[in-house]
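Analysis of the macromolecular model
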Amino acid sequence: MSRNLGFKILGALIVVVAAVLWLLSITVPDTFGFFNLAWAGVILAGGLGLIIILQGCFQQNISTIKKFKIWVGAGLLVVALICLISAITIPENIILPIIAIIAAVALVLSLLATGGKKWDEGDNHQIGYKNYHERKAEEEKKENKDNK
């Protein structure tokens, strides 16, 4: 079983919920008449954005992929906010601050999820790492010792 199965099932359920509610808004307009495509966009983009952010925070990946997932999730949350604006009336003067808050939270989460590691940290930052010239010198020393 895949470790990502829970995230995939949750994402699929979000898509199913949005589709069912949209269908119910068409077939039973007196009960679900408030639900429209904008609300479906809020559910889809918001739910999938949260799932991707959670994947970025809790999965074991390299820091670049973790940061990418967090920023994609934050982008989906901005899309959900835009869909929410079209679904209900939100004063225009608070839209940009909300987007700024989403971006700031994404920055903090990307730092916390990666532990502050840089994207290019490689083997040369590990203790005891030897570069090419040091390894080559050791090999030649070993060959000279074996030949004697």
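These figures come from a predicted structure and were not determined experimentally. (Residues numbered from 1 in each chain as written. Predicted model: local features only at pLDDT ≥ 70, side-chain atom pairs only at ≥ 80, totals over all residues. Heavy atoms only, no water.)

A few points about the overall build of the protein chain
What counts here: Secondary structure is summarised from DSSP: a helix means a run of H or I of at least four residues, a strand means a run of E of at least two, and numbering begins at the N terminus for each. Think of it in three bands: residues with accessible area under 20% of the maximum for their type are buried, residues over 50% are exposed, and the middle band is partly exposed, with areas taken using a 1.4 Å probe on protein chains only. We call two residues in contact when some of their heavy atoms are within 4.5 Å. Accessible areas in this description were obtained via Shrake-Rupley with a 1.4 Å probe; residue shielding takes into account the shown protein chains only.
The secondary structure content of the protein chain amounts to six helices and zero strands. Put simply, the protein chain has 148 residues, and 25% of those count as buried. Of the contacts made within the protein chain by residues no fewer than 6 positions apart, 63% connect residues no fewer than 24 positions apart. As presented, the protein chain carries roughly 10,600 Å² of accessible surface, and 67% of it is formed by carbon and sulfur atoms.

What to know about helix H5 (residues 95–114)
The test is simple: Helices are assigned an expected span. That span is 1.5 Å times one less than the residue count. The directions from the helix axis to the C-beta atoms form the arc being described.
Helix length check: H5 (20 residues) gives 29 Å between terminal C-alpha atoms against 28 Å at 1.5 Å per residue, within 8%. Along H5, the residues that are buried comprise Ile95, Ile102, Ala106, Ser110, Ala113 and Thr114. Mapping the buried residues of H5 onto a view down its axis gives an arc of 80°, with all of them on the same face. In H5, the exposed positions angled more than 90 degrees off the buried face are occupied by Ile101 and Leu112. Here the buried face of H5 lies against helix H3 (37–58) and helix H4 (63–87). Where H5 ends, the next residue or the one after it, Gly115, has phi of about 70°, a positive value.

Some thoughts on the confidence of the model for the protein chain
Under the convention used in this document: Confidence of the prediction at every residue is given by pLDDT, a number between 0 and 100.
Model confidence for the protein chain is summarised by a mean pLDDT of 82, while 89% of its residues fall at 70 or above. Ranking the elements of the protein chain by mean pLDDT puts H5 last, at 79, and H3 first, at 90.

Side note on a nonpolar patch on the surface
So the rule is basically this: Nonpolar side chains (Val, Leu, Ile, Met, Phe, Trp, Tyr) are joined into patches within 5 Å and like charges within 9 Å, using only residues with over 30% relative accessible area and no salt bridge. The salt bridge criterion pairs a side-chain nitrogen of Lys or Arg with a carboxyl oxygen of Asp or Glu, the two atoms within 4 Å.
On the surface, a nonpolar cluster with roughly 250 Å² of combined accessible area is contributed by Leu5, Ile9 and Leu13. Note on placement: Ile9 falls in helix H1 (residues 5–27). The exposure class assigned to Ile9 is partly exposed, which follows from its relative accessible area of 46%.

Digging into the side chain of Gln55
Here Gln55 is to be found in helix H3. Those residues in contact with Gln55 that sit more than four places away from it in its chain are Phe7 and Lys69.

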